[in-house]
Amino acid sequence: MGRVRDEVDELVEAWARERADLDLTPVAVFSRITRLARHLDLARRRAFSARGIESWEFDVLAALRRAGEPYELSPGRLLRETLVTSGTMTNRVDRLTSRGYVERLPDPADRRGVLVRLTAEGRTAVDGAFTALLEAERALLADLGDADRDDLAAMLRRLLAPFDA
């Protein structure tokens, strides 16, 4: 069985013909990552849409769910978890509150502060969406064996480490 070829191989070959003086390794790697990211984004949208939520809703609900019981965070912590602005987070919490997925509670440690807590309905929504997401992501990895998945995760971790520092 020969090596599997894809569109990126054709792209790299075309550039190699035109610019033989360049090392095209980054194109071979990052063009594939970009294409995979598009497929992942589509899979995420389909998984969440099937559960009646949007990607941004999942991001906020998932941050609360990962926090563990009682599934609550300060708005500042939610900002750090989801990487959005304060105004955007306020709008998102308002919308999730109107859907019954979260509630605002007074922060017992700060009289002026509030906490955002996941409701039972929000927990059901995020758990269902996460299960659907895992199924979609598992399908994207279906052609890789366990060792290949572990190797890929390790390589991506090394690639991302400088950005997370």
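Definitions and cut-offs
Position numbers for residues count from 1 along each chain, tracking the sequence in the order it is written. Whole-chain, interface and lining totals are the exception, using all residues; otherwise, since this is a predicted model, local features are given only for residues with pLDDT of at least 70 and side-chain atom pairs are given and counted only at 80 or more. Calculated side-chain values reflect all of the structure's heavy atoms, with hydrogen atoms and water omitted. In what follows, salt bridge is the name for a side-chain nitrogen of Lys or Arg lying within 4 Å of a carboxyl oxygen of Asp or Glu. Only protein chains enter the area calculation, which uses a 1.4 Å probe; residues under 20% of their type maximum are buried, those over 50% are exposed, and those in between are partly exposed. Helix numbering and strand numbering both begin at the N terminus, where a helix is a DSSP run of H or I of at least 4 residues and a strand a DSSP run of E of at least 2. Only the stretch in contact is used when a helix axis is fitted, and all axes are lines through C-alpha atoms; the angle between N-to-C directions ranges over 0 to 180 degrees. By definition in this entry, angles of less than 35 degrees are roughly parallel, angles greater than 145 are roughly antiparallel, angles of 65 to 115 are roughly perpendicular, and the rest are oblique. Contacts are assigned to residue pairs with any non-hydrogen atoms lying within 4.5 Å of each other. Charged means Asp, Glu, Lys or Arg here, nonpolar means Ala, Val, Leu, Ile, Met, Phe, Trp, Tyr, Cys or Pro, and polar covers whatever is left, Gly included.

Counted according to the given criterion, the structure contains 16 salt bridges. Two residues, Arg-5 and Glu-13, come together in a salt bridge whose shortest N-O distance is 2.8 Å. According to the relative accessible area criterion, Arg-5 is partly exposed, its value standing at 45%. Residue Glu-13 is classed as partly exposed on the basis of its relative accessible area of 37%. Salt-bridge contacts for Arg-32 lead to Asp-6; the nearest nitrogen and oxygen are separated by 2.8 Å. Here Asp-6 lies in the segment before helix H1 (7-18) and Arg-32 lies in helix H2 (residues 25-50), a separation of 26 residues in the sequence. Sharing partners across several salt bridges, the network here consists of Arg-3, Asp-6, Asp-9 and Arg-32.

In the contact formed by H2 and helix H3 (residues 55-66), the axes pass within 9 Å of each other and the chain directions differ by 80 degrees. In terms of their interaxial angle, H2 and H3 are classed as roughly perpendicular. Residue-level contacts link Arg-44, Arg-45 and Phe-48 of H2 to Ser-55, Phe-58 and Asp-59 of H3. Within the contact of H2 with H3, the residues separate by chemical class into 2 nonpolar, 1 polar and 3 charged.

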